[in-house]
Amino acid sequence: NYVNGNPNGTMKQRRNSITEAIEKEVEKVAEAAARDPKELEGKHGGGLLALGVCVGGIYASFLSWAYLQERITTTSYGPNHSRFTYSIFLNTIQSTLAALIGFIYLHVSAPRNPKTSARQAPPIFPSISILYPLLLISVTTSLASPFGYASLKHIDYVTFILAKSCKLLPVMFLHISLFRKKYPVYKYLVVGGVTLGVAIFTLHNPSTAKKAAKKAGSMNAAETSKALGLFLLGINLLFDGLTNTVQDHIFTRFKGFSGPQMMCAQNIISTILQAAYLLSSPYLAQTSLGAYLGVTPELSEAINFVTTYPAVGWDVLSFAACGAVGQVFIFHTLAHFSSLLLVTVTVTRKMLTMLMSVLLFGHRVTGMQWVGVGLVFGGIGAEAVVARVEKGKK
């Protein structure tokens with residue numbers, strides 16, 4: 001707060017030193033969470049087995065999760081070709097299951113008392129001061145998803161997945177704007193390449209433009225629909241970036257707060273917030289503001305939809321279970337292996353998700369779109385390789 005507007009260079013030096021100190025602390029926390037000494041002692045035995053389980057678990061959970069997500073959001077039910085559009089209801093089911101599984105994970109992974117051999121799980125909310133940042137990330141995650149699902153009305157799922165691979169864009173933007181952080185030149189090149197790749201892929205999308213043009217009767221309407229979809233997805237990514245930034249802040253500020261605690265606490269608060277919205281939505285829908293925002297009694301409508309078409313109910317439960325189990329594998333990977341490994345697994349998983357979507361749901365990808373895909377994943381992969389090399393030098 002003292003840096004802004006200071007005319008001399010003293011405060012600039014102090015800001016740089018503070019930034020360097022924060023970066024060092026973040027690196028210490030990352031290193032502490034990246035490797036479990038007991039696991040490293042296992043070397044090629046238990047370590048490789050645990051690595052295989054983590055990677056396989058992430059792939060199996062989130063590929064199934066993505067398949068069910070696309071099926072839920074694109075399948076038409078009944079003679080009226082109705083679609084399941086109740087994102088808050090869907091997210092509430094998922095966060096509830098994730099909170100329950102996170103609670104189990106927290107107690108199963110807790111260290112044992114050397115005297116009694118009983119597990120001593122840390123408190124989910126270790127202090128009052130941690131509630132505000134946890135509430136903030138719960139709000140951002142709860143708000144991000146509806147914008148993402150709304151964007152699927154204007155863009156196809158392949159474009160959605162490709163753009164979701166670009167989380168480094170909002171994260172860098174927030175660090176630059178809020179924390180005045182500077183990045184090396186190669187990171188800006190990566191951001192430029194990724195942005196160009198998404199732009200090329202979107203501009204050469206054959207399906208979205210044709211569908212919108214047929215409905216509206218003009219290419220201008222098609223471009224407007226596509227732009228609206230990307231705008232909604234941009235808000236989704238901004239909330240995602242804010243979530244990741246605040247999570248980094250929590251792990252840096254609150255020493256000893258673990259991944260299982262984060263998983264459990266975040267999902268508990270998200271469930272409370274989303275359940276409160278679902279219960280209050282019938283009353284909000286009757287207000288002028290609710291009518292303007294298009295609020296509907298989502299809980300009753302979602303339950304009625306599921307009872308009318310039971311098949312979607314099983315898909316919703318399976319979707320929520322896959323997402324909850326996948327979170328366990330992600331947090332376990334962060335606790336026992338490097339974050340760079342997680343980035344590699346996540347990027348390749350999203351690439352496989354795109355290929356799976358193209359094969360199973362019949363999406364058509366043009367040659368220029370594959371160029372855009374190559375720019376996006378090539379840029380992200382190059383960033384991970386350079387970061388690994390720089391880390392090795394340090």
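Scroll up to find the structure this text is about.
These remarks concern the structure in this document. Since the structure is predicted, the reported quantities are computational estimates derived from the model, not experimental observations.

**Describing a nonpolar patch on the surface**
Right, so step 1: Together, L135, V139, L143 and L273 line one region of the surface with nonpolar side chains, adding up to about 270 Å² of accessible area.
Right, so step 2: Looking at the nonpolar patch, the element that brings in the most residues is helix α5 (residues 131-151), giving 3 residues.
Right, so step 3: Positionally, L273 belongs in helix α11 (residues 259-284).

**Some details on the side chain of Q247**
Right, so step 1: Relative to the helices and strands, Q247 resides in helix α10 (residues 219-253).
Right, so step 2: Engagement of the side chain of Q247 in a polar contact is seen with the side chain of Q266, the distance being 3.0 Å.
Right, so step 3: Apart from residues no more than four positions distant in its own chain, Q247 is found in contact with I137, M262 and Q266.

**Structural notes on the packing of α5 against α11**
Right, so step 1: The geometry of α5 relative to α11 is characterised by a closest axis approach of 9 Å and an angle of 60° between their N-to-C directions. With respect to each other, α5 and α11 are oriented oblique. Our pair here, α5 against α11, has a crossing hand that is right-handed. Mapping the contact onto sequence places L134, L135, I137, S138, V139, T141 and S142 in α5 and M262, A265, Q266, I269, S270, L273 and Q274 in α11.
Right, so step 2: Class assignment for the residues of the contact of α5 with α11 results in 8 nonpolar, 6 polar and no charged.

Quick notes on the rules
- Residues numbered from 1 in each chain as written.
- Predicted model: local features only at pLDDT ≥ 70, side-chain atom pairs only at ≥ 80, totals over all residues.
- Heavy atoms only, no water.
- Patch = residues over 30% accessible without salt bridge, like charges linked within 9 Å, V, L, I, M, F, W, Y side chains within 5 Å.
- Areas by Shrake-Rupley, 256 points an atom, 1.4 Å probe, with all protein chains shown as cover.
- Salt bridge = Lys/Arg side-chain N within 4 Å of Asp/Glu carboxyl O.
- Helix = DSSP H or I, 4+ residues; strand = E, 2+ residues; numbered from the N terminus.
- Polar contact = N/O pair within 3.5 Å; in protein donor to acceptor, adjacent residues only side chain to side chain.
- Contact = heavy atoms within 4.5 Å.
- Axes fitted to C-alpha atoms, helices over the stretch in contact; angles between N-to-C directions.
- Parallel < 35°, antiparallel > 145°, perpendicular 65-115°, else oblique.
- Left-handed = near helix turned anticlockwise from the far one by under 90°.
- Nonpolar A, V, L, I, M, F, W, Y, C, P; charged D, E, K, R; others polar.

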